[in-house]
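# Summary of the model geometry
Read off the chains here:
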Amino acid sequence: GALLVTEKGFYEPLKEELGSRGIVKGFSAVGALIGSDDLPRVRDIRLYSHLMYRIRGTFTGRPETMREEISQSDFLRFIRRTTRPDDKVSVRIVVHERKDHHTDAAKRFTAEFLYLFRDRLVNTAPYDMELHFYPRKSGGYILFVNPLGMEDERFSYVRERLSTSMQPVKAAIFVYLIRKYLREDARVADIFSGNSTLLLERDEYIRTHVMFATDTNQDAISAGKKNAARKGRNVYFVRRSAFTFESDEPFDEIISELPDLYEKSESDRADFFAKTAAATERLLSEHGHAFYLAGGSEIKAMIRKSEGLSFCEEIPFDDNRSIYVIERV
């Protein structure tokens, strides 16, 4: 079997999506435990961050029995299937224990593994895989292996990234959270597009009719063009500020992660939101929707001050931000 691991705070969307596919068991705070038979029908789900393979076996954590337990488990067979025979495999060991025991447990596991399997395993970056030991309520551990460096086919188009780029799985979750508002064959724009992951994930969920991406950063525009080409989707890229961008036809949707303004002055932030409101009113069609990922108070004030915009919903996203759904009235 395997474990679908979620991003922090995004457990419920994954559980909901799996439930819609008839998978209603195997949930935990870590993620969703999937049987081998279920794997083919969940691999396309875009709401988990990564997949870890469960290694069958018994692991007590006692140094004196570790070699025998590993030898009798599927771990070495997994290594042989996924690596070349003569290669040393670099592993990082993570022991999910109580905080006061975590450091000692991790050191003990790492030391024993490296000593017992020193002909095959090393502990130097970059790592080939992570070994995650989760404690059982009945005692001992369950072992999951996370192979690193393997391309995630779900997001294989996202090869060009900037330091500020949204992680693809978070973009997919963003789109999932606003799904009830999305229209088929919509005209969609991302006016702070970055490398265009969010826009392309919007198109992945429900096909758009036209996509526009605007950004002032040439590196972002170049990255977006390459990602869109890899995905085989047509996007109109415009190197221009969101505040001066014009379109002959209005858009049904605007979907954007707003820039980080924490280091800006209060007056600069006020000016930014005033211009964002004006751009939103100018670019959206009547009853069109904008979906903005941002911090709270200033965007709420922006909506209150705008006669042409109406607040629809605030959807919590992460520790500091929400998705604000806005309608053009």
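Heads up: these notes are all about the structure in this document. Everything quoted here is computed from the prediction, not taken from an experiment.

## Quick notes on the overall build of the protein chain
The secondary structure content of the protein chain amounts to nine helices and 14 strands. Overall, the protein chain is about 70 × 45 × 35 Å in size when its C-alpha atoms are taken along their principal axes. Going through the 329 residues of the protein chain one by one, you find that 49% of them count as buried. The long-range share in the protein chain, meaning contacts at least 24 apart out of those at least 6 apart in sequence, stands at 68%. Summed over all atoms, the accessible surface of the protein chain reaches about 17,200 Å², with 47% contributed by carbon and sulfur.

## As for unusual backbone geometry
In this structure, Pro-126 follows Ala-125 across a cis peptide bond, with omega equal to 0°. Mapped onto the elements of the fold, Pro-126 is located in the loop between strand 5 (121-122) and strand 6 (129-135). The residue Ser-196 is not glycine, and still its phi comes out positive at about 75°. Among the structural elements, Ser-196 can be located in the loop between strand 8 (187-190) and helix 6 (197-205). With a phi angle near 65°, His-287 is a residue other than glycine that sits in the positive phi range. Inspection of the secondary structure assignment puts His-287 in strand 12 (residues 284-294).

## Some words on helix 7 (residues 218-231)
For helix 7, with 14 residues, the first-to-last C-alpha span of 20 Å sits near the 20 Å given by 1.5 Å per residue. Among all positions of helix 7, only Ala-220, Ile-221, Ala-223, Gly-224, Asn-227 and Ala-228 are buried. For helix 7, the angular spread of the buried residues around the axis is 165°, confining them to a single face. Pointing more than 90 degrees away from the buried face of helix 7 are the exposed residues Asp-219 and Ala-229. Structurally, helix 7 contributes buried residues whose contacts are with helix 6, strand 9 (210-215) and strand 10 (236-239). Between a side-chain oxygen at the N-terminus of helix 7 and the backbone nitrogen of Asp-219 the separation is 2.8 Å; the capping residue is Asn-217. Two residues or fewer after helix 7 comes Gly-232, characterised by a positive phi angle close to 75°.

## Digging into the sheet that holds strand 12
Taken together, the seven strands give an open sheet; going across it, the order is 10-9-8-11-12-14-13, and neighbouring strands pair in mixed fashion. Two strands close off the open sheet at either side, each with one partner strand: strand 10 and strand 13 (309-316). When the angles between neighbouring strand axes are averaged without regard to direction, this sheet yields 15°. As paired strands, strand 8 and strand 11 (residues 251-257) are joined by two bridges and run parallel to one another. By the bridge assignment for strand 11, Val-188 is matched with Glu-253.

## Digging into the packing of aromatic side chains
Using the criterion set out here, one finds 16 aromatic pairs in the structure. Consider the rings of Phe-192 and Phe-272, whose centres lie 5.7 Å apart with planes at 40°: the pair is tilted. Placement of Phe-192 in the loop between strand 8 and helix 6 and of Phe-272 in helix 8 (residues 266-283) is noted, with a sequence separation of 80 residues between them. We classify Phe-192 as buried; its relative accessible area is 18%. According to the relative accessible area criterion, Phe-272 is buried, its value standing at 9%. Measuring from ring centre to ring centre gives 5.6 Å for Phe-243 and Phe-272, while their planes differ by 75°; the resulting arrangement is edge-to-face. Of this pair, Phe-243 sits in the loop between strand 10 and strand 11 while Phe-272 sits in helix 8, and the two are 29 residues apart along the sequence.

## Topic: the environment of Leu-114
Assignment of secondary structure puts Leu-114 in helix 4 (residues 99-116). When the C-alpha positions of Leu-114 and Val-91 are compared, they lie 9.1 Å apart, and in sequence the two are 23 residues distant. The residues contacting Leu-114, other than those within four sequence positions of it, are Leu-121, Val-122 and Asn-123.

## Thoughts on the side chain of His-132
Within the secondary structure, His-132 is located in strand 6. At a separation of 2.8 Å, a polar atom in the side chain of His-132 contacts the side chain of His-96. There is a polar contact of 2.9 Å between the side chain of His-132 and the side chain of Glu-130. The contacts of His-132, once residues within four sequence positions are left out, are Met-52, Val-94, His-96, Ile-142, Leu-143, Phe-144 and Asn-146.

## Examining the sheet that holds strand 6
Spatially, seven strands are ordered 2-1-3-7-6-4-5 in an open sheet, and the strand pairing comes out mixed. With one partner strand each, in any of the chains shown, strand 2 (31-34) and strand 5 form the two edges of the open sheet. In this sheet, strand 5 lies alongside strand 4 (residues 89-95) in parallel orientation, the contact comprising two bridges. Paired with Ser-90 across the two strands is Val-122, which belongs to strand 5.

What counts and how
Residues numbered from 1 in each chain as written. Predicted model: local features only at pLDDT ≥ 70, side-chain atom pairs only at ≥ 80, totals over all residues. Heavy atoms only, no water. Helix = DSSP H or I, 4+ residues; strand = E, 2+ residues; numbered from the N terminus. Buried < 20%, exposed > 50% of the residue type's maximum accessible area, 1.4 Å probe, protein only. Contact = heavy atoms within 4.5 Å. Areas by Shrake-Rupley, 256 points an atom, 1.4 Å probe, with all protein chains shown as cover. Expected span 1.5 Å × (residues − 1). Arc of directions from axis to C-beta. Polar contact = N/O pair within 3.5 Å; in protein donor to acceptor, adjacent residues only side chain to side chain. Pairing = 2+ DSSP bridges. Axes fitted to C-alpha atoms, helices over the stretch in contact; angles between N-to-C directions. Phe/Tyr/Trp six-rings, centres within 6.5 Å; stacked < 30°, edge-to-face > 60°.

By themselves these figures say nothing about function.
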